[in-house]
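Coordinate inspection notes
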Amino acid sequence: SGLTNRLSGSRSCLNSSVGNVLSPWAREPLSRLVNPDEHRPMVNLSDIFQYGKVVVINVAQTEHAEDLWPACLMLKQALFKLALTRARLPINQERMVAIVIDEANRLISSHSHLSSEHIALEAARSNRVAIILAAQNLSGLNAVSGDVLTDKLAALCGNQIFLANS
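Our subject in this report is the structure included herewith. Numbering of residues starts from 1 in each chain and follows the order in which that chain's sequence is written. Local features in this predicted model are restricted to residues whose pLDDT is 70 or higher, and side-chain atom pairs enter the listing and the counts only when it is 80 or higher, whereas totals over whole chains, interfaces and linings include all residues. By convention in this description, side-chain values take in all heavy atoms of the structure and omit both hydrogens and water.

1. Section: the nonpolar core
In this text, buried Ala, Val, Leu, Ile, Met, Phe, Trp, Tyr and Cys residues form a nonpolar core when linked through side-chain atoms within 4.5 Å. We call a residue buried when its accessible area falls under 20% of the maximum for its residue type, exposed when it is over 50%, and partly exposed in between, using a 1.4 Å probe and counting protein chains only. Formed by 26 residues in total, the largest nonpolar core has its most connected members in Phe 49, Ile 57, Leu 79, Ile 99, Ile 101, Val 129 and Ile 131. Of all elements in the fold, only helix 3 (45-51), strand 1 (54-58), helix 4 (65-85), strand 2 (97-102), helix 5 (117-124), strand 3 (129-133) and helix 6 (138-156) reach the threshold of two or more residues within this core. Secondary structure counts use DSSP, requiring at least four H or I residues in a row for a helix and at least two E residues in a row for a strand, with both numbered from the N terminus. Ranked by residue count, the leading element in this core is helix 4, at 6 residues. Here, residues are in contact when the closest pair of their heavy atoms is within 4.5 Å. Excluding anything up to four places from it in sequence, Ile 57 contacts Cys 72, Leu 75, Lys 76, Leu 79, Val 100, Ile 101, Asp 102 and Leu 107.

2. Points about the sheet that holds strand 1
Taken together, 3 strands build an open sheet; the order of strands is 1-2-3 and the sheet is parallel. Looking along the sheet, the strands with just one partner apiece sit at the ends: strand 1 and strand 3. Looking at each pair of strands side by side, their axes are set apart by 10 degrees on average, direction ignored. The criterion for strand pairing is that DSSP finds at least two bridges linking the strands in question. Across 5 bridges, the pairing between strand 2 and strand 3 is parallel. Residue pairing for strand 3: Val 100 is matched across the bridge by Ile 132. Each axis is a line fitted through C-alpha atoms, and for a helix only the stretch in contact is used; angles between axes span 0 to 180 degrees, taken between their N-to-C directions.

3. Concerning the pairing of strand 2
Burial analysis of strand 2 places 5 of its 6 residues in the buried class, which makes it a mostly covered element. Taken together, the 5 bridges between strand 1 and strand 2 define a ladder with parallel strand orientation. Residue pairing for strand 2: Val 55 is matched across the bridge by Ile 99.

4. Examining helix 5
For helix 5, the full list of buried residues reads Glu 117, His 118, Ala 120, Leu 121 and Ala 124. Projection of helix 5 onto a plane perpendicular to its axis shows the buried side chains occupying an angular sector of 160 degrees, all on one side. What the arc covers is the set of directions going from the helix axis to the C-beta atoms.

5. Some points on the packing of helix 5 against helix 6
For the pair helix 5 and helix 6, interaxial distance at closest approach is 10 Å and the crossing angle is 20 degrees. One element, helix 5, and the other, helix 6, form an angle in the roughly parallel class. The handedness of the crossing between helix 5 and helix 6 comes out as left-handed. For the pair helix 5 and helix 6, the contacting residues are Glu 117, His 118, Leu 121 and Glu 122 in the first and Leu 149, Lys 152, Leu 153 and Leu 156 in the second. Roughly parallel means an angle under 35 degrees; roughly antiparallel, over 145; roughly perpendicular, 65 to 115; everything else is oblique. Two helices cross in a left-handed way if the nearer one is turned anticlockwise from the farther one by less than a right angle. They cross in a right-handed way if the turn is clockwise.

6. What about the environment of Ser 31?
Inspection of the secondary structure assignment puts Ser 31 in helix 2 (residues 31-34). With residues up to four places along the chain from it excluded, the contact list for Ser 31 reads Trp 25 and Ala 26.

7. Focus: unusual backbone geometry
Where the residue is not glycine, phi is negative for most of them; where a peptide bond is considered, it is trans in most cases. A positive phi is found at Arg 128, a non-glycine position, where the angle reads about 60 degrees. Along the chain, Arg 128 turns up in the loop between helix 5 and strand 3. The class for Arg 128 is partly exposed, based on a relative accessible area of 36%.

8. Brief notes about the environment of Ile 99
Here Ile 99 is to be found in strand 2. For Ile 99 and Val 55, which are 44 residues apart along the polypeptide, the C-alpha to C-alpha distance reads 4.9 Å. Discounting residues that sit within four places of it in the chain, Ile 99 has contacts with Phe 49, Val 55, Leu 79, Val 129, Ala 130, Ile 131 and Ile 132.

Here is the structure:
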């Protein structure tokens, strides 16, 4: 009976935690991201690679950043997985795909993480996928990812454009 009470308490704690994570997605404005309508059809990630699309992940707005972060991270991981496996997928291999991550320092994964940008960048070019990481400055990336990953990302980026902040 003691074990049953602990399991029951664990279930209610888990239900509460999941409810807290999902509840912002049931209300405006986040519900607009997950509920397609006639003006915003559902996104099919495979179609992005089949038809050669440009995907922009923009987490520049900090208003809902905490709520959006898990969804953006899952989207980034799914896109990187498609980029890495594209050559083995039964989809159009000719069309170029571009993945643009604005404010990349907010979504950067650690050097040892399997969804780290450097892993995707190493294989993306040969799979006809351009990954564009936009950040205000390298020190912002460095603060999040450390010297090793920042140096590796800089080495893997074929083009680097530096603009003055205004």
